[in-house]
Amino acid sequence: MNNGPVALIICAVLWSTGGIFLKNIAWNGLAIACIRSLISGSFMLLVTRQRVHFFVRDEKSLVNKESTIVYWLAALSYALTMILFVASNKLTTSANAILLQYTCPIYIILLAPFLTGEKNRPSDYITVIGVMLGIILFFADGLESGNQLGNILAALSGLCYAMATIFMRRCRGYSGGAMALSHLITAVVCLPVVIQSGMPGQKSLVFLLLVGIVSIGIPSILYTVGIKNVRALTASFITMLEPVLNPVWVIIFAGEVPSVHTIFGGALILGFIMIRSVIQNRKA
């Protein structure tokens, strides 16, 4: 049985809680990214009983240069994804931040055939057209509400997320190590901001712990399991469940209601993804 899709679905559900947790942390966005990765990376290493590796070695314990380069590209791409997403979440609405991050299928469609050898299907291209239409609506809404910078950072996090998905897919057997390394990179890069900002209040610390373990730590483990067993593009489409649930939690717990543009854009994205799933399942 292929547990890849199941692992990614649970991963997406847990990821979706990040928006509401982040909104309850009164602290600098980059400082949040640092401590969140420190908590989630430590949790991941503790549960999996691994340690952070900086090189990929073969059966003879020799450094495999090509695999090590892919390993670092995966870690760096995911670290940038996390940093950019947290920063954008503080500047624009949670709905815009998460949905713009999911521009990633567009980049995967363009890059995956060259970087992973995974061929695209006609339904993939149709789906990307729908995603692009939805993204146009998000940008239009952001321009109206003055959230241009937050939306741009979120869109950049989408590009980095696509690269991370592609390279994590290529990592296969050592994707868990790349994920752990990405958390270390994020913590180190953002540490100066923590020192400058000082420590947050007690409430913020509680939500930092929640976002570190529930929203990132557990999903990091699940993602490395799922990405081994599905195509890079399929992984990005499955985890689209995250932007569906993210605004729901924010509406319920923070009262932040997405605009009509955002809701309609999300409906376009999810509708095209569902159609793609039906078409590909019938062919299978």
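For the structure, see preceding data.
The paragraphs below set out a description of the structure included in this document. Here the residue index of a chain counts from 1 through its sequence in written order. The predicted nature of this model means local features are confined to residues of pLDDT at least 70 and side-chain atom pairs, given and counted, to a pLDDT of 80 or more, with totals for whole chains, interfaces and linings taken over all residues. Side-chain numbers come from the whole structure's heavy atoms, not from hydrogens or water.

## With respect to the overall build of the protein chain
Part 1 of the reasoning: Labels follow the DSSP assignment, with helices taken as runs of H or I lasting at least four residues and strands as runs of E lasting at least two, numbered in each case from the N terminus. A count of helices and strands for the protein chain gives 13 helices and 0 strands.
Part 2 of the reasoning: What you see in the protein chain, going N to C, is helices and strands ordered as α-α-α-α-α-α-α-α-α-α-α-α-α.
Part 3 of the reasoning: Taking 19 Å as the expected radius of gyration for a compact globule of 284 residues, we find that the protein chain reaches 18 Å, a close match to that expectation.
Part 4 of the reasoning: Based on the C-alpha atoms only, the size of the protein chain along its principal axes is roughly 60 × 55 × 30 Å.
Part 5 of the reasoning: Per-residue burial over the protein chain gives 53% buried out of 284 residues. Here the globule rule reads 2.2 Å times residues to the power 0.38, and the radius of gyration is calculated from C-alpha atoms. Buried means the residue's accessible area, taken with a 1.4 Å probe over protein chains only, is under 20% of the maximum for its type, while exposed means over 50%, and partly exposed covers the values in between.

## Topic: the packing of helix α4 (residues 65-89) against helix α8 (residues 148-171)
Part 1 of the reasoning: One way to put it is that α4 packs onto α8 with a least axis distance of 7 Å and a crossing angle of 155 degrees. By the angle between their axes, α4 is roughly antiparallel relative to α8. Here α4 runs over α8; the crossing is left-handed.
Part 2 of the reasoning: The classification used treats Ala, Val, Leu, Ile, Met, Phe, Trp, Tyr, Cys and Pro as nonpolar, Asp, Glu, Lys and Arg as charged, and all other residues, Gly among them, as polar. Taken together, the residues of the contact of α4 with α8 break down into 19 nonpolar, 5 polar and 2 charged. For helices, the axis comes from a line fit to the C-alpha atoms of the stretch in contact; other axes are also lines fit to C-alpha atoms, and the angle between any two N-to-C directions lies between 0 and 180 degrees. Throughout, the term roughly parallel applies to angles under 35 degrees, roughly antiparallel to angles over 145, roughly perpendicular to angles from 65 to 115, and oblique to all others. What makes a crossing left-handed is the near helix being turned counterclockwise from the far one by less than a right angle; a clockwise turn instead makes it right-handed.

## Some points on empty space enclosed by the protein
Part 1 of the reasoning: A 1.4 Å probe that fits but cannot get out identifies a cavity on a 1 Å grid over protein atoms alone, an open set with protein on both sides within 12 Å along at least five of seven lines counts as a pocket, and a residue lines either if it has an atom within 4 Å of a point. Grid points are joined across faces, edges and corners, and a volume is the space filled by probe spheres set on the points. Using the criterion set out here, one finds 1 cavity of 30 Å³ or more in the structure.
Part 2 of the reasoning: The wall of the largest cavity is formed by 18 residues, among which Trp15, Phe85, Gln101, Ile216 and Glu242 lie closest to the centre.
Part 3 of the reasoning: Here the lining of the largest cavity gets 4 residues from one element, more than from any other, and that element is α4.

## Here we look at the nonpolar core
Part 1 of the reasoning: Trp15, Ile25, Trp27, Met168 and Tyr223 are the most contacted members of the largest nonpolar core, which totals 73 residues.
Part 2 of the reasoning: No other element matches the 10 residues that α4 contributes to this core. By convention a nonpolar core is built from buried Ala, Val, Leu, Ile, Met, Phe, Trp, Tyr and Cys residues, the set being connected through side-chain atoms within 4.5 Å.

## Considerations on the packing of helix α3 (residues 29-48) against helix α10 (residues 202-226)
Part 1 of the reasoning: Across the interface, α3 lies against α10 with an axial gap of 8 Å and an inter-helix angle of 50 degrees. With respect to their mutual orientation, α3 and α10 come out oblique. As α3 packs across α10, the resulting crossing turns out to be right-handed. Across the interface between the two elements, Ile32, Ile35, Arg36, Ile39, Ser40, Phe43, Met44, Val47 and Thr48 from α3 touch Leu208, Leu209, Val211, Gly212, Ile213, Ile216, Gly217, Ile218, Ser220, Ile221 and Thr224 from α10. Residue contacts are counted whenever heavy atoms from the two residues lie within 4.5 Å of one another.

## Describing the environment of Gly176
Part 1 of the reasoning: Here Gly176 lies in helix α9 (residues 175-197).
Part 2 of the reasoning: On the accessibility criterion, Gly176 (11% relative accessible area) is buried.
Part 3 of the reasoning: Separated by 96 residues in sequence, Gly176 and Leu80 have C-alpha atoms that sit 17 Å apart.
Part 4 of the reasoning: Sequence-distant contacts of Gly176, that is, excluding residues within four places in its chain, are made with Met44, Gln50 and Thr224.

## Brief notes about a nonpolar patch on the surface
Part 1 of the reasoning: Together, Phe54, Phe55, Val63, Leu184 and Val188 make up a nonpolar patch on the protein surface, roughly 440 Å² of accessible area in all.
Part 2 of the reasoning: In this structure, Val63 sits in the loop between α3 and α4. In this scheme, patches are assembled from residues that exceed 30% relative accessible area and form no salt bridge. Like charges are connected within 9 Å, while nonpolar side chains (Val, Leu, Ile, Met, Phe, Trp, Tyr) are connected within 5 Å. For the accessible areas, the method is Shrake-Rupley and the probe is 1.4 Å, while residue cover comes only from the protein chains on display. Salt bridge criterion: a side-chain nitrogen from Lys or Arg within 4 Å of a carboxyl oxygen from Asp or Glu.

## Here's the deal with the pattern of salt bridges
Part 1 of the reasoning: For the structure on display, the rule yields 1 salt bridge.
Part 2 of the reasoning: A salt bridge links Glu66 to Arg170; its shortest N-O distance comes to 3.8 Å. Remark: Arg170 occurs in helix α8 and Glu66 occurs in helix α4; sequence separation between them is 104 residues.
Part 3 of the reasoning: Assessed through its relative accessible area of 56%, Glu66 is described here as exposed.
Part 4 of the reasoning: Of the residues examined, Arg170 reaches a relative accessible area of 31% and is grouped as partly exposed.

## Description of the packing of aromatic side chains
Aromatic rings in a pair are described by how distant their centres are and how their planes are angled relative to each other.
Part 1 of the reasoning: A pair of aromatic rings is counted whenever rings of Phe, Tyr or Trp (Trp by its six-membered ring) have centres within 6.5 Å, and the orientation is called stacked for planes under 30 degrees apart, edge-to-face for over 60 and tilted otherwise. Here the structure, examined in full by the defined rule, presents 5 aromatic pairs.
Part 2 of the reasoning: Ring geometry for Trp15 versus Tyr161: centroids 6.1 Å apart, planes at 80 degrees, classification edge-to-face. With Trp15 in helix α1 (residues 4-15) and Tyr161 in helix α8, this pair connects stretches of sequence that are 146 residues apart.
Part 3 of the reasoning: Given a relative accessible area of 7%, Trp15 falls into the buried group.
Part 4 of the reasoning: With relative accessibility at 2%, the residue Tyr161 sits in the buried group.
Part 5 of the reasoning: Put simply, the rings of Trp15, Tyr161 and Tyr223 touch in pairs and so form one group of aromatic residues.

## Remarks on the environment of Pro122
Part 1 of the reasoning: Secondary-structure assignment places Pro122 in helix α7 (residues 122-145).
Part 2 of the reasoning: On the basis of relative accessible area, Pro122 is assigned to the exposed category, the value being 57%.
Part 3 of the reasoning: C-alpha of Pro122 to C-alpha of Arg276: the two residues are 154 residues apart in sequence and 9.4 Å apart in space.

These values are about where atoms sit, not about what they do.
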